[in-house]
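Breakdown of the fold
Letter by letter, the chains look like this.
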Amino acid sequence: MPEDTVDKPNTVTCTAPVNIAVIKYWGKRDEELILPINSSLSVTLHQDQLKTTTTVASSRSFQEDRIWLNGKEEDINHPRLQSCLREIRRLARKRRSDGDPSVDATTLSHKVHICSVNNFPTAAGLASSAAGFACLVYTLARVFGVEGELSGIARQGSGSACRSMYGGFVQWIMGQRDDGKDSLAQQVEPETHWPELRVLVLVASAERKPVGSTSGMQTSVQTSCLLKHRAESVVPGRMEQMIEAVHEKDFSTFAELTMKDSNQFHATCLDTYPPIFYLNSVSRQVISLVHQYNRHYGETRVAYTFDAGPNAVIYTLQEHVAEFIQVVQHFFPPETNGGQFIKGLPVRPAVVSQELKQAIGLEPMPKGISYIISTKAGPGPRVVEDPDQHLLGSDGLPKRDI
Ligand code: DP6
């Protein structure tokens, strides 16, 4: 090997998607291993609109593991980060001792530098931890030459991250074992299965930072008997129905289950003591708007779901997107001098009839929604082959424009 390449870091860059649950995960039976009290199901969103990009470099010359998130160096000793690093290294060592030649013995002893960025503003309030941990685990696995099932490791970074390890429609099977080995994500259908399905993220003008999901669900497990009922008696049946609706591309069943499950999740938040409120007046206006819209047409054309914050995520079919967005713009008039209101996939202009506006009959809330991201289901994590896209330079430090 020529002298100047000896210390050149081994660098890999990957991207990973955000996912939005239609059957929610809320509550752990094991905090350390991140094992849930119920199974959940989500749609992986397309990375053209929302993704995390992570570069991992390993080198003999690195003194310690380091991490930079969105341009700022963070503490590598974060327990969940340490779990992911430890588990990937453990798996690599095991593969090596099992005789897998793709695991490079020298890399195993090297320290890593990690650099990660999102292509969407953190202020958008979208749970970035799912895409972030999925991307970290996927990229680390490439650096250490580990292949195969990785969702069990991503799960230990953030529960919902295990579902971002696959594209399309993904279930996280809760599992029964105490060691968590059967608590894994599994693809239900690929992203190509239902091409007409569309996703609209309605970014509400945030008022304040809500309670984080980790501590929120902990309080819910401790205090809400509704959550216990939900996990034991409601979710198992809903999972079956939802999987069937996805297989059959049955939008009205998919949509109704999605809304009911979001509502029940927020009901468990209200049943938590002290109660947790994630929905605000904008969220409630979106809920009314969706129900009035569906009622006007006498069929379920649009569904909403909300995570641990006020942003609505809308599921609908391509044929209804243009009109529904126009309806949203009418009832949430955007700032006229502000930036673009609709980002992502192009949306054709549409006219909303007077009759429909009257049927919805809500008082407009100016500037309640900052912008809409228009997207669809997309693939799982990917390797970025172009070395120009690495976030770390050949010195192993973040490039200047990160
Ligand atoms: C409301 O995965 O963020 O988005 O496992 O503690 O990291 P931790 O929680 P997290 O919780 C997500 C909760 C949710 C519902 C869901 O995505 O299923």
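First things first, this report covers the structure right here in the doc. Computed from a prediction, not measured in an experiment: that's the story for all the values here.

Close contacts around the ligand come from 18 residues, with Y25, K28, R80, S158 and S160 the closest. Between the ligand and Y25, the relevant distance is 2.6 Å, taken from an oxygen atom to a side-chain nitrogen or oxygen of the residue. Separating an oxygen atom of the ligand from a side-chain N or O atom of S160 is a distance of 2.6 Å. Expressed as a share of its isolated accessible area of 460 Å², the protein-covered part of the ligand is 96%. Considering each element in turn, the shell around the ligand owes the most residues, three residues, to helix 5 (residues 213-223). Looking at the shell around the ligand residue by residue, the class counts come to seven nonpolar, six polar and five charged.

Time to look at the sheet that holds strand 2 (residues 19-23). Taken together, the four strands give an open sheet; going across it, the order is 2-5-10-11, and neighbouring strands pair in antiparallel fashion. Of all strands in the sheet, those with a lone pairing partner are strand 2 and strand 11 (184-189), marking the two edges. On average, adjacent strands in this sheet sit at an angle of 35° to one another, irrespective of strand direction. Pairing geometry for strand 2 and strand 5 (residues 40-44), over four bridges, is antiparallel. Residue N19 lies in a different strand from strand 5, and its bridge partner there is T44.

Before going further, it helps to spend a moment on the environment of S151. Here S151 lies in helix 4 (residues 151-154). Considering only alpha carbons, one finds S151 and S164, 13 residues apart in sequence, at a separation of 8.3 Å. Those residues in contact with S151, other than ones at most four positions away along the chain, are C162, M165, Y166, L184 and A185.

Turning next to the packing of helix 6 (residues 225-248) against helix 7 (residues 251-271). Where helix 6 meets helix 7, the closest approach of the two axes is 10 Å, and the angle between their N-to-C directions is 165°. Judged on the interaxial angle alone, helix 7 and helix 6 are roughly antiparallel. Crossing handedness for the pair helix 6 and helix 7: left-handed. Along its contact with helix 6, which presents C225, L226, L227, R230, V234, R238, Q241, M242, A245 and V246, the element helix 7 presents T253, F254, L257, T258, K260, D261, Q264, A267, T268 and D271.

Rules of the game
Residues numbered from 1 in each chain as written. Predicted model: local features only at pLDDT ≥ 70, side-chain atom pairs only at ≥ 80, totals over all residues. Heavy atoms only, no water. Near = heavy atom within 4 Å. Polar contact = N/O pair within 3.5 Å; in protein donor to acceptor, adjacent residues only side chain to side chain. Areas by Shrake-Rupley, 256 points an atom, 1.4 Å probe, with all protein chains shown as cover. Helix = DSSP H or I, 4+ residues; strand = E, 2+ residues; numbered from the N terminus. Nonpolar A, V, L, I, M, F, W, Y, C, P; charged D, E, K, R; others polar. Pairing = 2+ DSSP bridges. Axes fitted to C-alpha atoms, helices over the stretch in contact; angles between N-to-C directions. Contact = heavy atoms within 4.5 Å. Parallel < 35°, antiparallel > 145°, perpendicular 65-115°, else oblique. Left-handed = near helix turned anticlockwise from the far one by under 90°.

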